[in-house]
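# An overview of the molecular structure
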Amino acid sequence: MLRLTLRSLRAHASRLLLSSLAIVLGVGFVTGTLIFSDGLTAATEQRAGLLDRFVDVELTRDFDVPAGEAGAPDVDGQVLPATLVDAVRQVDGVAAAEGTFSWYGVGLLGPDDQSIPGLNNLVTVPADPQLAGLPLAAGRLPQRPGEAVLDARTAARRDVTIGDQVQAAVTDRQPQPYQVVGLVDVAGTGVDSGGALLGLVDADARQLTGRTDLDRVLVVAEPGVGQAELAERLRSAVGGYVTTRTGEQLRAAALDFTVGNGEQFTRLLLAFAAIAVFVAAFVIANTFTILLAQRTRETALLRLVGATRAQLFRAGVVEAAVVGAIGAVWGLLLGVVAAAGLRQLYAELGSGMPSGTVVSPRTVVVALVCGVGVTVGAALLPAWRGTAVPPVAALTDAALTVARPVGRVRLGAGLLLIVVGVLGLVAAGRLEDLLVVVVGGILTFVGLVLASPLIVPAVTRLLGRLTGWAAGPTARLAVANAVRNPRRAAATAMALVIGIGLVTSFSVGAHSVKRAVEREVDARIGAAFLVESDLDPVPPELITRLRDLPELGVVLGGAEVYGAPGGFDVAAGHPDLLAKAELTVADGDVRDFGPGRVIVNEATGFAVGDRIRLEPFPADPADLADSADPADPADPADPAEPAGPVGRARDVVVVAVLADPRGGDQPATGRVLAAEEDVTAVYPGIDTWLVQLDPATGVGAEAAREAVESIVVSYPFVTFVDRAAYAEARTSTVDTVLRFVLALLALAILISLLGLANTLTLSVVERTRENALLRAVGLTRGQLRRMLATEAVLTAVSGTACGIAIGVAGAASALAVLNSAEDDIFRLDLPWTQLGVVVAVAAVAALVASVLPARRALRQPVVESLAAD
């Protein structure tokens, strides 16, 4: 039986080619992920503790110790005093000690005077060579004021070379020039924030930032002094307000943190790899079901000459194991290539961590287990069913074998699960739980799989009626062929449903989120340009200089007060900008807005004509305790914040009421829009984070842009964008995540399309005599091609339609959950273009998949085909 099985496998190798390719792709994804993960871990182990490789002991502030206690500085917010370094150097066993700090959010200008955007990081470079841990890629470390090092990644992107000059600034300080004397490779280290890294000597860093304290004190031990022993001496000598860690502990913590991030990414990749393997299992199971059905006469003959059912079952399992083993080997080779792609994908997500190619024994074992295990597991049920052939079947024509009917219990269970799953998706919004969305989606999909022999043929017939009106008898033949075996058609379509459903869910969700952000921008922003800052307020000096530009007609400092006395937020507005914003007015007229006249939303409870008193915050910080939000450290009413200038209350009248977006049970936040002079009078000294700019009458957009750019170039920590770029920046993360997800799901869809081509190819083999008979009675070669193409398109579009339906339902449910916490700002916006592209790609791929089966069907002469078994 073994020799017979291997001989049969060689004889029918071409029929197993596409299913083998499916397992190759699935195993390639899994092994590629593991190869990438092992390479990332190896690189992490080399680089995680690179910065602190010379450090024996690190001292940091213990924030559980209040100010003034256990020797801690009396000033709240001070981390470590600079004088601590001298005290540390006096401790017996200390060979060298340096204090360091970092500053996130430094503004940078390149040699071309253009801003270097991103979360740029400033670090101090220890003067003592024993603690200079920044890894040099070129040049040297800074040794005197006016010198700097830049990370090599930014230098390559901005064409910065050693000897060039860059400028840096923080908050409202003037940019300072520094000469680049070296390039450092910090990718994947603790100071890699994804943006640029600037390293300065201590004096320059203090002068630039104004800091007088330290984040850390780094210590090198004298020869013969252990790290743990020195850490204990330092803890006893400098006071109980510091925390000490040995060099080994420091580097171990850095490794755990970095490896943890890599492991999260690996788990995410493996989840998508599991989807691809699951789809491959569908394809393999369907392939073996068809193959064994086509071997009905052959199997019956073996039974007739004495082969037992167990022997035939073992033969099927051996055949599957051989196919799986071959697929696993090729999948392992493909995994090496896939790992390179995953490294590029990881880099595009903002990580500069290098990763090599590491093929561990674990990866080889996983490839074999995955390839053989999935193939054999998928083939077990078809193999067992295929052996249930009585010897008398040797006298029948396999092509005329009637498909086994689907059990009513299976169909009933499937329909029940669909109902329960859909109810779960509907209830998820009220339950405010994304887990309910996941469970509801899984139940719906499982129900769809069970009931697919009923649903997929029904959808196919519906689509066939539409195509039948245009294509006539050929389409009707294609529909009959597509639904001839409901189990086979359902299994082929369900492989598509998984990938298409997930693609649709993410695409619809991403599009809906983007549209919500765009609506929010349209409602709040009417200006042509904006100047914003993420980490520090926009300097008042910059706003004044912008107001002096004749090219600008409106300069609105977007001061916004959260949690003002009265229980609502207060924001500044301008009549000209409000006229351009897309506001939903419930009552009143926004054209009446101006000094003393405000616009409110429905959540405030005010109506048109009501008078409101805008109250300033109390002068005494102690009086703010009642109005502070202890959970929000940025709350303007937090008593820990120093008291600013005290404003004077103003009475204003409501001229318009805006409709709240929320229609649910949770009320929206109360919001008052007042003239800028009213806001600044009541709340003087409020920081401005966003400035809206509009050109003056008769001034073109480009002229206004050039005038603004000539000023903001001196403020590298602020960002100057137009309105479209402002909205795009807030949706760029959504686009990045969507591209990442679609790239990972593309493999699952490709495997399902291979399954479609495989099913069609095997069906053509099965219908060799039937197709020849059709040609004998007048079916032309072109009509046969159209029939097979239509059959493939109908099957693909049926699966796509089911996938889109379940994907839209899942996205709608997830958006309902998000709305429970986000004031109902999300609506289900279907990306019709993207959905149309999904359907078109599936249809075109099905057409391509039908080419080879059609060529096979037309290759054999009609007379020989009529005589085929």
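Above this text sits the structure in question.
An account of the accompanying structure is given in this report. (Residues numbered from 1 in each chain as written. Predicted model: local features only at pLDDT ≥ 70, side-chain atom pairs only at ≥ 80, totals over all residues. Heavy atoms only, no water.)

## Quick word on the overall build of the protein
Where we set the bar: A run of DSSP states H or I qualifies as a helix once it reaches four residues; a run of E qualifies as a strand once it reaches two. Both are numbered from the N-terminal end. We call a residue buried when its accessible area falls under 20% of the maximum for its residue type, exposed when it is over 50%, and partly exposed in between, using a 1.4 Å probe and counting protein chains only. Two residues form a contact once any of their heavy atoms are found within 4.5 Å. Here, Shrake-Rupley sampling with a 1.4 Å probe gives the accessible areas, and only protein chains in the shown set may cover a residue.
A tally of regular secondary structure across the protein gives 24 helices and 25 strands. For the protein, the proportion of its 869 residues judged to be buried stands at 50%. Long-range contacts, defined here as pairs at least 24 residues apart, represent 84% of the contacts in the protein between residues at least 6 apart. Roughly 39,200 Å² of accessible area belongs to the protein as shown, and the carbon and sulfur atoms make up 59% of that amount.

## Some remarks on empty space enclosed by the protein
Our working rule: Lining residues are those with an atom within 4 Å of a point, where the points come from a 1 Å grid over the protein atoms alone and group into cavities, where a 1.4 Å probe fits but cannot get out, or pockets, open sets with protein on both sides within 12 Å along at least five of seven lines. Grid points are joined across faces, edges and corners, and a volume is the space filled by probe spheres set on the points. Side-chain classes are defined by residue name, with Ala, Val, Leu, Ile, Met, Phe, Trp, Tyr, Cys and Pro counting as nonpolar, Asp, Glu, Lys and Arg as charged, and the others, Gly among them, as polar.
Applying the stated criterion to the full structure yields two cavities of 30 Å³ or more. Approximately 40 Å³ is the volume found for the second largest cavity. If you go around the second largest cavity, the residues you meet are F282, V283, N286, T287, A491, T492, A495, G755, N758 and T759. Of all the secondary-structure elements, those providing two or more residues to the lining of the second largest cavity are helix 7 (247–294), helix 14 (486–524) and helix 19 (723–766). In terms of residue class, the lining of the second largest cavity is built from four nonpolar, six polar and no charged.

## Some thoughts on helix 6 (residues 227–238)
We count it as follows: Expected span of a helix: the number of residues minus one, times 1.5 Å. Taken from the helix axis, the directions to the C-beta atoms give the arc we talk about.
The end-to-end C-alpha separation of helix 6 is 16 Å, in line with the 16 Å expected for twelve residues at 1.5 Å each. Taken together, the buried positions of helix 6 are occupied by Q227, L230, A231, L234 and V238. Summarising the axial view, the buried residues of helix 6 lie within an arc of 105°, below the 170-degree limit, and thus occupy one face. Along helix 6, the residues that are exposed and aim more than 90 degrees away from the buried face are A228 and S236. Downstream of helix 6 by a residue or two, G239 has a phi angle that is positive, lying close to 115°.

## Notes on the sheet that holds strand 25 (residues 719–722)
In plain terms, the rule: Note on pairing: DSSP must find at least two bridges between two strands before they are called paired. Angles run from 0 to 180 degrees between N-to-C directions of axes, and those axes are lines fitted to C-alpha atoms, restricted for helices to the stretch in contact.
The strand order 16-24-15-25 describes an open sheet built from four strands, whose pairing is antiparallel. Every other strand in the sheet has two partners, leaving strand 16 (552–557) and strand 25 as the edge strands with one partner each. On average, adjacent strands in this sheet sit at an angle of 20° to one another, irrespective of strand direction. Strand direction decides the pairing type here: strand 15 (residues 529–532) and strand 24 (residues 690–695), joined by four bridges, are antiparallel. Note on strand 24: the bridge partner recorded for E532 is L690.

## Here's the deal with unusual backbone geometry
Leaving glycine aside, a negative phi is the common case for residues, and trans is the common case for peptide bonds. For D113, which is not a glycine, the phi torsion comes out positive at approximately 65°. With respect to the secondary-structure elements, D113 resides in the loop between strand 5 (107–109) and strand 6 (121–124). Using a relative accessible area of 40% as the deciding quantity, one classes D113 as partly exposed. A positive phi angle is found at D159, which is not glycine, with a value near 55°. The residue D159 is located in the loop between helix 4 (152–158) and strand 9 (165–169) in this model. Accessibility expressed as a relative area gives 64% for D159, which makes it exposed.

## Comments concerning the packing of helix 21 (residues 781–819) against helix 23 (residues 851–859)
What counts here: Less than a right angle of anticlockwise turn of the near helix away from the far helix marks a crossing as left-handed, whereas a clockwise turn marks it as right-handed.
Taken N-terminus to C-terminus, the directions of helix 21 and helix 23 make an angle of 145°; their axes are 9 Å apart at the nearest point. In this structure, helix 21 crosses over helix 23, and the sense of that crossing is right-handed. Contact residues: R781, L784, R785 and L788 in helix 21; P853, A854, A857 and L858 in helix 23. Per-class residue counts for the contact of helix 21 with helix 23 are six nonpolar, no polar and two charged.

## Quick notes on the side chain of D38
Quick note on the threshold: Counted as a polar contact is a pair of N or O atoms within 3.5 Å, where, for protein atoms, one must be capable of donating a hydrogen and the other of accepting one, and residues adjacent in sequence contribute only when both atoms are in side chains.
Here D38 lies in helix 2 (residues 17–47). The buried category is assigned to D38, whose relative accessible area is 15%. Within the local environment of D38, its side chain forms a polar contact with the side chain of S360, the two groups lying 3.0 Å apart. Here T363 takes part through its side chain, which lies 3.4 Å from a polar atom of the side chain of D38. For D38, the residues in contact, after removing those within four places along its chain, are V358, S360, R362 and T363.

All we've got here are geometric facts, nothing functional implied.
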